[in-house]
Amino acid sequence: MNQLTGAVGGDGTNVAEDDGDAARNGDGCAARREAGGARREAGGDGGRHDAGGGRRDAPDARYGGGGTPPAEGPRDAGGGRRDAPDARYGGGGTPRAEGPRDAPDARNGGAVGGRAAAGSPGGGGVGPSRRRLGARLLALGGVLVLQALPGAAGAHGNPVERRALQGLRLRYGSARQAGLLERHLEGVADEARRFLGPSPEHPYYAGAVVLAGRGRTVALHRAMGDAVRYADYDGRLDRVREYPAAERIPMAEDTVFDLASLTKLFTSLLAVQQMERGRLELEAPVDRYLPEFTGGGKELVTVRQLLTHTSGLRSWAPFYQESTREGRLRLLWSVRPQDTPGTVYRYSDLNLIALQLLLERITGRTLDVLLHDEITAPLGMHRTRYNPPLSWRRVTAATEIQRPPWSGLDRGLVWGEVHDENAYALGGVAGHAGVFGTAWDLAVLARTLLDGGVYAGRRILRPASVELLFTDYNTAFPGHDHGLGFELYQHWYMGAMATPHSAGHTGFTGTSLVLDPSTDSFLILLGNSVHPVRTWRAGSAPRVAVGNRFARAVPVRTRHGGAAWFSGNTPGASGTLTLPPLTPTTASARLRCAVWWDTVPGEGAFHLEASADGQAWEPVAFSTVRSTGGAAEQWPQGTAGGWSGRVWHRLEAPLTAWAGREVRLRVRHEATGRYVGRGVYVDALRIAEPARLLFAEDRPDDAGRIEAAGWTRSAD
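For the structure given in this document, a descriptive report is provided here. In this text, all values refer to a predicted model and were calculated from it rather than measured experimentally.

1. Brief notes about helix α10 (residues 349–363)
So, point 1. Between the first and last C-alpha of α10 there are 21 Å, a value that for 15 residues agrees with the 21 Å anticipated at 1.5 Å per step.
So, point 2. In this structure Ser348 caps α10, since a side-chain oxygen of it lies 3.0 Å from the backbone nitrogen of Leu350.
So, point 3. Following α10 by one or two positions, Gly364 adopts a phi angle in the positive range, close to 75°.

Shown next as structure tokens:
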């Protein structure tokens with residue numbers, strides 16, 4: 001039973017909750033730095049403490065059904081189907097329905113539309129910022145304007161919207177049906193499987209389920225490893241006792257996971273629903289709805305600041321140390337902002353605990369009831385809920401063997417109950433943690449959002465509301481891009497899937513969801529990475545690895561359909577593409593080519609350079625124009641990076657300074673950080689003057705004179 005009924009108590013400080021916290025908050029713990037480096041924070045203590053007083057794991061710093069699967073069951077690791085009888089659930093849930101049989105969906109890259117903030121990489125455009133538009137929409141009496149935002153998955157005239165309202169569902173299909181590259185899609189499963197081994201010393205997780213799709217086609221759904229493997233753990237000796245092989249429970253595609261901080265997404269969706277209904281205003285102070293939420297500056301905290309982690313509240317509080325509901329509430333009410341609300345970003349469970357209280361107050365229903373009535377039941381997500389019944393235990397992945405000092409509670413093996421200590425103390429129902437679910441159900445949620453808030457004909461949000469979920473409200477805190485509940489453009493766990501349009505979240509137990517409206521794709525990785533203990537893993541390496549590989553599975557096509565030069569997307573890699581020596585005779589000579597790029601801002605770029613002797617190189621200024629039209633963008637330093645909008649650009653560089661002199665030109669790429677984007681493509685290289693073509697890549701003799709180092713020909 002929810003122990004915060006009527007007014008939620010506190011945030012479960014599960015050390016457990018989210019291994020992204022240090023990355024989100026700039027955790028200074030050495031172990032977290034090892035996990036990925038300290039993340040910059042605009043003030044505050046950052047990092048989230050575990051129940052024992054230590055910090056949580058942190059990836060690096062800066063930086064995805066409804067129904068049930070088809071009756072024939074998900075594919076096994078070998079690619080075939082396998083039956084998944086309802087008996088596995090012990091009668092605890094709704095029997096599986098026959099799967100949908102709709103035709104594969106046509107790609108429509110970007111069902112939700114662009115959401116990059118003005119001035120952000122790839123954002124382009126002018127006019128009011130997304131943040132301002134969003135604030136206007138949701139602050140007007142709390143009622144959403146029905147018209148969609150620019151670029152949103154809009155009204156009934158939008159083909160994406162029309163298809164969604166037709167009642168189409170997710171279906172299993174091939175990589176080709178999904179518009180994906182099979183070799184790289186299979187590589188997603190290979191990457192996930194790699195972390196079953198030493199990572200670097202212990203396995204990152206005992207088992208995992210990975211699901212990837214595009215449009216309405218789920219093209220990859222694999223399970224690996226064990227859902228239950230370890231019986232006990234001795235922290236003094238760092239030794240485990242494993243179950244005998246015959247008693248272990250293997251991971252299955254429909255294994256239920258403790259989703260940990262993915263719970264925050266559901267709480268956020270419920271809040272936006274109340275905004276649509278006029279019961280809640282985005283810019284309203286929280287104490288308008290929770291009069292108890294005052295003192296020490298809390299009266300300045302707005303609903304938006306709770307949803308974007310800019311409230312100034314500390315990261316967590318030990319609610320599990322309080323023995324009564326009243327004590328937990330007192331602890332929450334006594335918390336004071338550490339910083340003036342709106343002046344810092346600090347990831348905090350307290351934000352979502354307070355939001356839970358607020359939602360329960362204005363609706364008169366507990367959060368678990370709201371989740372069921374407003375999201376999971378309408379979408380047919382029958383394996384997603386708080387406090388799963390005992391009959392689900394055998395199909396649920398075990399989490400941690402909890403004992404002090406690494407945990408604040410002595411619970412032994414946590415299996416079938418929420419892992420987060422605070423959520424456990426709050427009766428298993430909390431705004432920050434506590435939801436259990438499957439990969440398929442999360443795919444349904446992803447598809448719902450990509451289709452503007454509707455799935456199988458059932459709408460849970462308006463398209464404009466979905467647009468606001470993916471709008472960056474944290475433009476004042478670079479690197480901490482955040483929509484309403486959703487994190488945006490985070491390479492530290494999205495890998496190369498991160499674009500200015502990508503949204504997602506992670507969970508401390510080893511879960512993650514990423515969806516990218518620009519490619520209409522989604523990726524889910526669920527692992528039991530705290531089994532047997534949280535200290536065995538650090539960072540988000542598996543998430544990044546599968547994200548990189550899945551991004552590679554989404555093809556980049558040239559206009560002519562043939563191959564282009566590809567930089568690759570390996571962290572730390574560099575390369576040069578050098579043209580033969582040429583001598584322009586006039587000041588009108590130009591280099592022209594087609595270019596496509598997606599790199600990590602500040603950590604990856606391509607450069608156009610020139611040299612008289614092939615030894616000393618200098619930058620060559622150039623301009624680019626999107627193949628879809630628009631004004632030219634100038635690159636006076638001879639370098640470009642970030643996100644190019646997933647479209648080809650026409651590059652043009654004047655060679656005026658080299659008239660009458662021999663020159664060699666090259667395109668150089670580099671990826672200097674630990675994360676990468678999709679990479680750089682170059683095609684159709686030509687150098688010409690008004691009366692003469694000096695070089696053309698489509699002439700075999702000229703193509704054979706290109707010197708490529710660190711570039712390959714790729715037809716994807």
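Here the narrative resumes.
2. Remarks on unusual backbone geometry
So, point 1. Omega for the bond connecting Ser199 with Pro200 falls within 30 degrees of zero, at -5°, which places this linkage in the cis form.
So, point 2. Relative to the helices and strands, Pro200 is located in the loop between α6 (182–194) and β2 (207–214).
So, point 3. Geometrically, the link from His531 to Pro532 is a cis peptide bond, its omega value of 15° lying close to zero.
So, point 4. Its identity as a non-glycine residue notwithstanding, Ala260 has a phi of 55°, on the positive side.
So, point 5. With respect to the secondary-structure elements, Ala260 resides in the loop between β7 (257–258) and α7 (263–276).
So, point 6. In this structure Ala260 comes out as buried when scored by relative accessible area, which is 2%.
So, point 7. One non-glycine residue with positive phi stands out, namely Arg646, at about 55°.

3. What about the pattern of salt bridges?
So, point 1. Under the counting rule described, the total for this entry stands at 37 salt bridges.
So, point 2. Close ionic contact of Glu283 with Arg304 constitutes a salt bridge, the shortest N to O distance being 2.7 Å. Remark: Arg304 occurs in helix α8 (residues 303–308) and Glu283 occurs in the loop between α7 and α8; sequence separation between them is 21 residues.
So, point 3. Residue Glu609 is joined to Arg666 by a salt bridge in which the shortest nitrogen-to-oxygen separation is 2.7 Å. Highlighted residues: Glu609 in strand β21 (residues 604–611) and Arg666 in strand β27 (residues 664–671), separated in sequence by 57 residues.

4. Examining the packing of α6 against helix α16 (residues 541–553)
So, point 1. Two elements in contact, α6 and α16, have axes whose closest approach is 8 Å; the angle formed by their N-to-C orientations is 175°. Comparing the axis directions of α6 and α16 gives the class roughly antiparallel. Touching Arg183, His184, Leu185, Gly187, Val188, Glu191, Ala192 and Arg194 of α6 are Ala545, Val546, Arg549, Phe550, Arg552 and Ala553, all from α16.
So, point 2. When grouped by side-chain class, the residues that make up the contact of α6 with α16 number seven nonpolar, two polar and five charged.

5. A few points about the pairing of strand β19 (residues 574–578)
So, point 1. Where burial is concerned, most of β19 is hidden: four out of the five residues are buried.
So, point 2. In the sheet, β19 pairs with β27 via five bridges, with the strands oriented antiparallel. Residue Thr576 lies in a different strand from β27, and its bridge partner there is Arg668.
So, point 3. Note: β19 against strand β30 (residues 707–709), three bridges, orientation antiparallel. Bridging across to β30, Thr576 finds its partner in Ala709.

About the criteria used
- Residues numbered from 1 in each chain as written.
- Predicted model: local features only at pLDDT ≥ 70, side-chain atom pairs only at ≥ 80, totals over all residues.
- Heavy atoms only, no water.
- Helix = DSSP H or I, 4+ residues; strand = E, 2+ residues; numbered from the N terminus.
- Expected span 1.5 Å × (residues − 1).
- Polar contact = N/O pair within 3.5 Å; in protein donor to acceptor, adjacent residues only side chain to side chain.
- Buried < 20%, exposed > 50% of the residue type's maximum accessible area, 1.4 Å probe, protein only.
- Salt bridge = Lys/Arg side-chain N within 4 Å of Asp/Glu carboxyl O.
- Axes fitted to C-alpha atoms, helices over the stretch in contact; angles between N-to-C directions.
- Parallel < 35°, antiparallel > 145°, perpendicular 65-115°, else oblique.
- Contact = heavy atoms within 4.5 Å.
- Nonpolar A, V, L, I, M, F, W, Y, C, P; charged D, E, K, R; others polar.
- Pairing = 2+ DSSP bridges.

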